[in-house]
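Below, each chain spelled out in residue letters.
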Amino acid sequence: MTKIPKKTNQILKNKIFPSTLKLKLDERLSNGSFRELTIKNADLVDFSSNDYLGFASNENIEKLATSKINDYKDLKFGATGSRLLSGNFPLIEDFENYLADFYQVESATTLNSGYDANLGLISAIGQRQDLILYDALCHASIRDGIGLSKAKSFKFPHKDFENLKAKLAKFQSEFKTIYVITEQVFSMDGDQTDVKEITEICNDFGAYLILDEAHAVGTISQTNVENSNYNIFARVLTFGKSFGAHGAVIFGSSELKDYLINFAKSFIYTTAPSSRNIAHNWAAHLLLKDSIDEFEQLQFNIAYFKEISSKFNLENCFIESYSAIQSCVIGGNNQVKNISKQLEMKGFDVRPILSPTVPNGEERLRFCLHSFNTKNEIYSVLENLSKLLL
Ligand SMILES: Cc1ncc(COP(=O)(O)O)c(C=O)c1O
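Here is what the cut-offs are and how they apply
Residues numbered from 1 in each chain as written. Predicted model: local features only at pLDDT ≥ 70, side-chain atom pairs only at ≥ 80, totals over all residues. Heavy atoms only, no water. Helix = DSSP H or I, 4+ residues; strand = E, 2+ residues; numbered from the N terminus. Pairing = 2+ DSSP bridges. Axes fitted to C-alpha atoms, helices over the stretch in contact; angles between N-to-C directions. Contact = heavy atoms within 4.5 Å. Near = heavy atom within 4 Å. Polar contact = N/O pair within 3.5 Å; in protein donor to acceptor, adjacent residues only side chain to side chain. Areas by Shrake-Rupley, 256 points an atom, 1.4 Å probe, with all protein chains shown as cover. 1 Å grid on protein atoms, 1.4 Å probe; cavity = no way out; pocket = protein on both sides within 12 Å on 5 of 7 lines; lining within 4 Å. Sits in = over half its atoms within 2 Å of the grid points.

**Observations regarding unusual backbone geometry**
Link 1 in the chain: For the bond running from Ser355 to Pro356, omega is 15°, close enough to zero to count as cis.
Link 2 in the chain: Structurally, Pro356 is set in the loop between β11 (351-353) and β12 (364-368).
Link 3 in the chain: Even without being a glycine, Thr80 presents a positive backbone phi close to 75°.
Link 4 in the chain: Topologically, Thr80 is positioned in the loop between α2 (59-70) and α3 (90-102).
Link 5 in the chain: Positive phi is not limited to glycine here, since Gln104 has a value of about 55°.
Link 6 in the chain: By the secondary structure assignment, Gln104 is in the loop between α3 and β2 (107-111).

**Structural notes on the sheet that holds strand β8 (residues 248-252)**
Link 1 in the chain: Ordered in space as β2-β8-β7-β6-β5-β3-β4, the seven strands form an open sheet in which the pairing is mixed. Only two strands of the sheet have a single partner each, and these edge strands are β2 and β4 (152-156). Direction aside, neighbouring strands of the sheet carry axes that sit 20° apart on average.
Link 2 in the chain: Both strand β5 (residues 178-183) and strand β6 (residues 208-212) contribute to a ladder of five bridges, which runs parallel. By the bridge assignment, Val180 is partnered in β6 with Leu209.
Link 3 in the chain: In this fold helix α4 (residues 114-125) packs onto β2, β3 (131-135), β5, β6, β7 (234-238) and β8, with an angle of close to 160° to the strand it touches most, β7.

**Things to note about the site of the ligand**
Link 1 in the chain: In the vicinity of the ligand, 13 residues are found, and the nearest of them are Gly114, Tyr115, Asp212, His215 and Lys241.
Link 2 in the chain: Within the contact set of the ligand, an oxygen atom lies 2.7 Å away from a side-chain nitrogen or oxygen of His215.
Link 3 in the chain: Relative to its free-state accessible area of 390 Å², the ligand is covered by the protein chains to the extent of 82%.
Link 4 in the chain: Most atoms of the ligand, that is more than half of them, are within 2 Å of grid points of the second largest pocket.
Link 5 in the chain: In terms of residue count, the dominant contributor to the shell around the ligand is α4 (three residues).

All we've got here are geometric facts, nothing functional implied.
In structure tokens, the structure reads:
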């Protein structure tokens, strides 16, 4: 057996780093926005993960996933290649057909993550003669996708549909195709888009809507199947949130699927997911449709959180939200980190969201609520927060 060499004190060969990059790190250190990896402390009460329904530790998923794997003969653990080469296997095709059926859509295309899905989809569709209009609070994966596309782009103020309509009217004749991108539940503020209204606006102007449903499925709606009733060009749904798993799917027409297979680079130039990953995601879907108790418990916890935050007169610091994401704006990277640290010392895991992830001055504590949080935990964390904010 080859021994792994121990680290020595001698200068390692890879210890070189450009001073220009070091400067950027130093700048982060000095403005309090330096990011560090920390191991999640499992003893703390979870108000930070996206595991809204507790699926990440639901043992039934493991059992269902194993039984799915056992339904297939000759399955390898690893995909061995990209979907277009050696990595397309019956389990993955059957899962996509299941998803299309379950969500009542024409096609489902899986990708390795929500980040990959937004990046691949948006960068591939935006052509030079096109325009992309996107909500100012869209996720980094959407903005990165826009950055990689050839289209021109403008953001519209957060949920300002009048502004969106004005832009659509102004640019309608100038651009061949206009895409509008938004999220159903915004990841940092937790508030919601009126999907019906924005779909109607897009339809009126002949624009194509892309909707990111990452934080909506399993939280504001048990399955989000109802979005199939709307005329939406593309929907992105991730498996890393309520499903407690990893990966994502893009819903749309069969032509959209053909287009992604041909042009979405994050689909083409990457190894397909492992069979275990697909089976896990499938199992999480099977569980989701029977998880009405978890879904209702989460709704109860959201309502209880809002009730107690108003009891402690905290409504003014919280951004109005009826979803599992409740953000308390404090302002200042150091201030928000400090309050998060003090809550941690009381046994609660509530993460600080720093600028530049959110705008300067809007640094916040983001509470993620779960079906498994108890009334006691919710009461106690808000009581502690109110004392710290006094
Ligand atoms: C709105 C939104 N879209 C996409 C993503 C990316 O999803 P994933 O974590 O699967 O890459 C996230 C994750 O933070 C998100 O909040």
